[in-house]
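Examining the three-dimensional arrangement
Single-letter residue listing:
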Amino acid sequence: MTLEQLAYTGAAVASALLRSALVAIALLASAWLVLGFRAVELEADADVVIGRVQRGNATAGDVRHGRDLLRRARLLSVDTAPLLDEGLMLFSYGRREEGLAITQEVVADEPENVVGWIALHTLFSGKGDAKRAAETARRVRALNPLAGDALER
C-alpha cells in the first residue's frame, strides 16, 4: 500500500468515527429532549391536581396522584420545581408541616433559589409565623431586591 492510500484510508476511518460520534451525540440530545418534554407534561398534569387542592375540592387520592406525578417529573428533570410544587400542594391541602419541610429542603439544597424563598415566605405567612416570614423576606431581598419589594406590598 502506498503512502497516499494509507492517508486516504486513515481519513476515511477518522471520518466514519466522527460521523458515529455525531450520531451518538444527536441520539443523546434527542433522548434528553424527550425526557424533558415528558417532565413538563407530568408537571402540567400535576398542576391540574394542584388547582383542585387550592380550590379546596381535592381528595386524598387526588393528592396521592399529584405527588406521584411530581415525583415522576423529578426523576426526569434537574429542576427543583416539581419538589417545590409538591411542598406547596401539601401545605395547601392541610398537611402544613410536611409541605413546609419539603419547601425548606428546596431552599436548603439551593440557597440561591428565589422562587423557593418566596414560596417559603408565603407558607410562613400563611401559617402565621411573622418572625420566620420576615427572615425569608430578608433573604428574598438579598437575592432579588425587586422581589423583596414586591413581598412588602
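First, a word on scope: everything that follows refers to the structure included in this document. Since the model is a prediction, treat every value here as computed from it, not as a measurement. (Residues numbered from 1 in each chain as written. Predicted model: local features only at pLDDT ≥ 70, side-chain atom pairs only at ≥ 80, totals over all residues. Heavy atoms only, no water.)

Mapped onto the fold, His121 is located in helix H5 (residues 114–127). For His121, a relative accessible area of 12% gives the class buried. Aside from chain neighbours lying at most four places away, what touches His121 is Ala133, Thr136, Ala137 and Leu151. (Helix = DSSP H or I, 4+ residues; strand = E, 2+ residues; numbered from the N terminus. Buried < 20%, exposed > 50% of the residue type's maximum accessible area, 1.4 Å probe, protein only. Contact = heavy atoms within 4.5 Å.)

Here the focus is the side chain of Thr136. For Thr136, the location among the structural elements is in helix H6 (residues 130–143). Those residues within four positions of Thr136 in sequence are excluded, and the remaining contacts are Trp117, Leu120, His121 and Phe124.

Take helix H4 (residues 96–109) next. For H4, with 14 residues, the first-to-last C-alpha span of 20 Å sits near the 20 Å given by 1.5 Å per residue. Taken together, the buried positions of H4 are occupied by Gly99, Leu100, Ile102, Thr103, Val106 and Val107. Considered in projection along H4, the buried side chains sweep an arc of 160° and stay on one side of the axis. Among the exposed residues of H4, those pointing more than 90 degrees away from its buried face are Glu97, Ala108 and Asp109. Check the buried side of H4 and you find it contacts helix H2 (60–76), helix H3 (81–93) and H5. (Expected span 1.5 Å × (residues − 1). Arc of directions from axis to C-beta.)

Taken N-terminus to C-terminus, the directions of H5 and H6 make an angle of 160°; their axes are 8 Å apart at the nearest point. Regarding the angle of H5 to H6, the classification is roughly antiparallel. As for the relative orientation of H5 and H6, their crossing is left-handed in sense. Between H5 and H6, the residues in contact are Val114, Trp117, Ile118, Leu120, His121, Phe124 and Ser125 and Arg132, Ala133, Thr136, Ala137, Arg139, Val140 and Leu143, respectively. (Axes fitted to C-alpha atoms, helices over the stretch in contact; angles between N-to-C directions. Parallel < 35°, antiparallel > 145°, perpendicular 65-115°, else oblique. Left-handed = near helix turned anticlockwise from the far one by under 90°.)

In this structure the tally under the stated criterion is 11 salt bridges. Between Glu41 and Arg38 there is a salt bridge, with its nearest N and O atoms 3.3 Å apart. Taken together, the positions of Glu41 and Arg38, both in helix H1 (residues 3–55) and 3 residues apart, correspond to about one turn of that helix. Note on Glu41: relative accessible area 33%, which makes it partly exposed. (Salt bridge = Lys/Arg side-chain N within 4 Å of Asp/Glu carboxyl O.)

On to the nonpolar core. Membership of the largest hydrophobic core comes to 17 residues, with the highest contact counts inside it found for Val53, Val63, Leu70 and Met89. Here the element with the most residues in this core is H1; it accounts for 5 residues. The residues contacting Val53, other than those within four sequence positions of it, are Ala58, Val63, Met89, Ser92 and Tyr93. Counting residues in each nonpolar core, the second largest holds 11 residues, with Phe91, Val107, Val140 and Ala147 among its members. (Core = buried A, V, L, I, M, F, W, Y, C linked by side-chain atoms within 4.5 Å.)

Right, let's get into the packing of H6 against helix H7 (residues 145–152). Where H6 contacts H7, the axes come no closer than 5 Å and their chain directions differ by 145°. On H7, the residues that touch Ala137, Val140, Arg141 and Leu143 of H6 are Pro145, Ala147, Gly148, Asp149, Leu151 and Glu152. Here the residues of the contact of H6 with H7 are counted per class, giving 6 nonpolar, 1 polar and 3 charged. (Nonpolar A, V, L, I, M, F, W, Y, C, P; charged D, E, K, R; others polar.)

The values are spatial; any link to function lies outside them.
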